Amino acid sequence: YSQHLMRGLSRFFVASKDPDFSPRLRAAAFKAFAALGETQEDIRKNIIEGENIISHLKFGLQDDNLEVQVAALSCLHSLSRSVKQLRTTLLDAEVWQPLLKLIK
């Protein structure tokens, strides 16, 4: 079930290229991914490897909408609970760059 849900949530990011697309829906998708990946390592791995969430996270952290930024940050926090993913995928994707800009 989680694979189907993750594919459905990913569609929110593809649709978000439309300027009329609601930032609240992008934020909701990030929050849902954060909730899915909060407790189980295998789901975190599936989210990171299967749904191209990292590129969406990078854009979400740089979004003009504060709600989207906070939701993307929450999602990143949830996914970073995995030490393995933190050391590999998240570091390789340079997610730290938009995060650092956000902190400044």
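Please refer to the structure higher up on the page.
## Points about the pattern of salt bridges
Part 1 of the reasoning: Enumeration according to the criterion identifies four salt bridges in this entry.
Part 2 of the reasoning: Across the salt bridge formed by Glu-41 and Arg-44, the nearest N and O atoms sit 3.2 Å from each other. Here Arg-44 and Glu-41 lie together in helix H3 (residues 41-50), a separation of three residues that amounts to about one turn.

## A few points about a nonpolar patch on the surface
Part 1 of the reasoning: Taken together, the side chains of Trp-96, Leu-100 and Ile-103 present a nonpolar region at the surface, about 330 Å² in accessible area.
Part 2 of the reasoning: With respect to the secondary-structure elements, Leu-100 resides in helix H7 (residues 96-103).

## Quick look at the nonpolar core
Part 1 of the reasoning: Formed by 22 residues in total, the largest nonpolar core has its most connected members in Phe-30, Phe-33, Ile-47, Ile-53, Leu-57, Cys-75 and Leu-79.
Part 2 of the reasoning: Residue assignment for this core shows that the elements contributing at least two residues are helix H1 (2-15), helix H2 (23-36), H3, helix H4 (53-61) and helix H5 (66-79).

## Section: the environment of Ser-78
Part 1 of the reasoning: Positionally, Ser-78 belongs in helix H5.
Part 2 of the reasoning: Linking Ser-78 and Leu-36, residues 42 residues apart in sequence, is a C-alpha distance of 8.7 Å.

## Some details on the packing of H2 against H5
For any two helices packed against each other, the geometry is given by the interaxial angle and the distance between the axes.
Part 1 of the reasoning: Between H2 and H5, the least distance of the axes is 8 Å, while the angle of their chain directions is 15°. With respect to H5, the element H2 is oriented roughly parallel. In this structure, the crossing between H2 and H5 has a hand that is left-handed. Contacts between H2 and H5 pair Pro-23, Arg-24, Arg-26, Ala-27, Phe-30, Lys-31, Phe-33 and Ala-34 from the former with Glu-67, Val-68, Ala-71, Ala-72, Ser-74, Cys-75 and Ser-78 from the latter.
Part 2 of the reasoning: Residues belonging to the contact of H2 with H5 are distributed by class as follows: nine nonpolar, two polar and four charged.

## Observations concerning the side chain of Arg-26
Part 1 of the reasoning: In this fold, Arg-26 is placed in helix H2.
Part 2 of the reasoning: Overall, the relative accessible area of 12% leaves Arg-26 in the buried class.
Part 3 of the reasoning: At a separation of 2.9 Å, a polar atom in the side chain of Arg-26 contacts the side chain of Asp-63.

About the criteria used
Residues numbered from 1 in each chain as written. Predicted model: local features only at pLDDT ≥ 70, side-chain atom pairs only at ≥ 80, totals over all residues. Heavy atoms only, no water. Salt bridge = Lys/Arg side-chain N within 4 Å of Asp/Glu carboxyl O. Helix = DSSP H or I, 4+ residues; strand = E, 2+ residues; numbered from the N terminus. Patch = residues over 30% accessible without salt bridge, like charges linked within 9 Å, V, L, I, M, F, W, Y side chains within 5 Å. Areas by Shrake-Rupley, 256 points an atom, 1.4 Å probe, with all protein chains shown as cover. Core = buried A, V, L, I, M, F, W, Y, C linked by side-chain atoms within 4.5 Å. Buried < 20%, exposed > 50% of the residue type's maximum accessible area, 1.4 Å probe, protein only. Axes fitted to C-alpha atoms, helices over the stretch in contact; angles between N-to-C directions. Parallel < 35°, antiparallel > 145°, perpendicular 65-115°, else oblique. Left-handed = near helix turned anticlockwise from the far one by under 90°. Contact = heavy atoms within 4.5 Å. Nonpolar A, V, L, I, M, F, W, Y, C, P; charged D, E, K, R; others polar. Polar contact = N/O pair within 3.5 Å; in protein donor to acceptor, adjacent residues only side chain to side chain.

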